[in-house]
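Chain by chain, the residues run as shown.
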Amino acid sequence: MTPLFYSDSDEKTLAMGMALAPTLVDGTVIALAGDLGCGKTVLSRGIARGLGILEAVTSPTFTVAQEYRRPDGKFLYHLDMYRIADENAALAFGIDEFLFQPNAITLVEWPEQIAGLLESPRRLTIRFQHLAEGQRSLEFLNFPPQPLQQAALRAGLPPFTSPKILEL
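Computed from a predicted model, the values in this text were never measured in an experiment.

1. Details of the side chain of Thr106
Part 1 of the reasoning: Position of Thr106 relative to the elements: it lies in strand β5 (residues 104–109).
Part 2 of the reasoning: A distance of 2.6 Å separates a polar atom in the side chain of Thr106 from the backbone oxygen of Phe98.
Part 3 of the reasoning: When sequence neighbours within four positions are dropped, the list of residues in contact with Thr106 reads Thr28, Val29, Ile30, Tyr77, Leu79, Phe98 and Leu99.

Structure below.
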């Protein structure tokens, strides 16, 4: 069964990113899939904070790529493929310089635009689903279960097992 968690606020989604960050390994790409406004950038901001990055983290929709230096000298790359037409356009842009780098963790919003370039056992995926105002589910694919469960507990995110949780 795929781990699925529920967040009812940006603060909890941010906290999940912060708690998840120390479990991530350099050379990993995290594909962040979901509609506009579902929390991808909020989780990215949390991951950045959890890696010790203090500067503002915003959506790279118009810049396509944001590069952040971590306190350990390595990098966090935050990419947004929303405006990229396809894999060829991404390669022309130089995306290969950001993917699966041994000195970086890479976050990719709108990964479906470049799905073929993300085929690797080092790719993790988080699927976001907007449930209601401020509420979202986060589905984690290919994540090691124990560190993921511990991160979710630290962030205060309960497992999402039924839509009935929305009735509380």
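Further notes follow.
2. With respect to the pattern of salt bridges
Part 1 of the reasoning: According to the stated counting rule, one finds seven salt bridges in the structure shown.
Part 2 of the reasoning: Across the salt bridge formed by Arg70 and Asp26, the nearest N and O atoms sit 2.8 Å from each other. Remark: Asp26 occurs in the loop between α1 (10–20) and β2 (29–33) and Arg70 occurs in the loop between β3 (65–69) and β4 (75–80); sequence separation between them is 44 residues.
Part 3 of the reasoning: Relative accessible area serves as the criterion here: at 6%, Arg70 is assigned to the buried category.

3. Let's talk about the sheet that holds strand β7 (residues 135–141)
Part 1 of the reasoning: Across the sheet, seven strands lie side by side as β1-β7-β6-β2-β5-β4-β3; this open sheet has mixed pairing. Every other strand in the sheet has two partners, leaving β1 (4–7) and β3 as the edge strands with one partner each. Ignoring strand direction, the axes of neighbouring strands in this sheet form an average angle of 20°.
Part 2 of the reasoning: Packed on one face of the sheet, α1 meets β1, β6 (123–132) and β7 and runs near 20° to β7.
Part 3 of the reasoning: Against the sheet, helix α2 (residues 40–50) contacts β2, β4, β5, β6 and β7, and its axis sits at roughly 170° relative to β5.

So, how was this worked out
- Residues numbered from 1 in each chain as written.
- Predicted model: local features only at pLDDT ≥ 70, side-chain atom pairs only at ≥ 80, totals over all residues.
- Heavy atoms only, no water.
- Helix = DSSP H or I, 4+ residues; strand = E, 2+ residues; numbered from the N terminus.
- Polar contact = N/O pair within 3.5 Å; in protein donor to acceptor, adjacent residues only side chain to side chain.
- Contact = heavy atoms within 4.5 Å.
- Salt bridge = Lys/Arg side-chain N within 4 Å of Asp/Glu carboxyl O.
- Buried < 20%, exposed > 50% of the residue type's maximum accessible area, 1.4 Å probe, protein only.
- Pairing = 2+ DSSP bridges.
- Axes fitted to C-alpha atoms, helices over the stretch in contact; angles between N-to-C directions.

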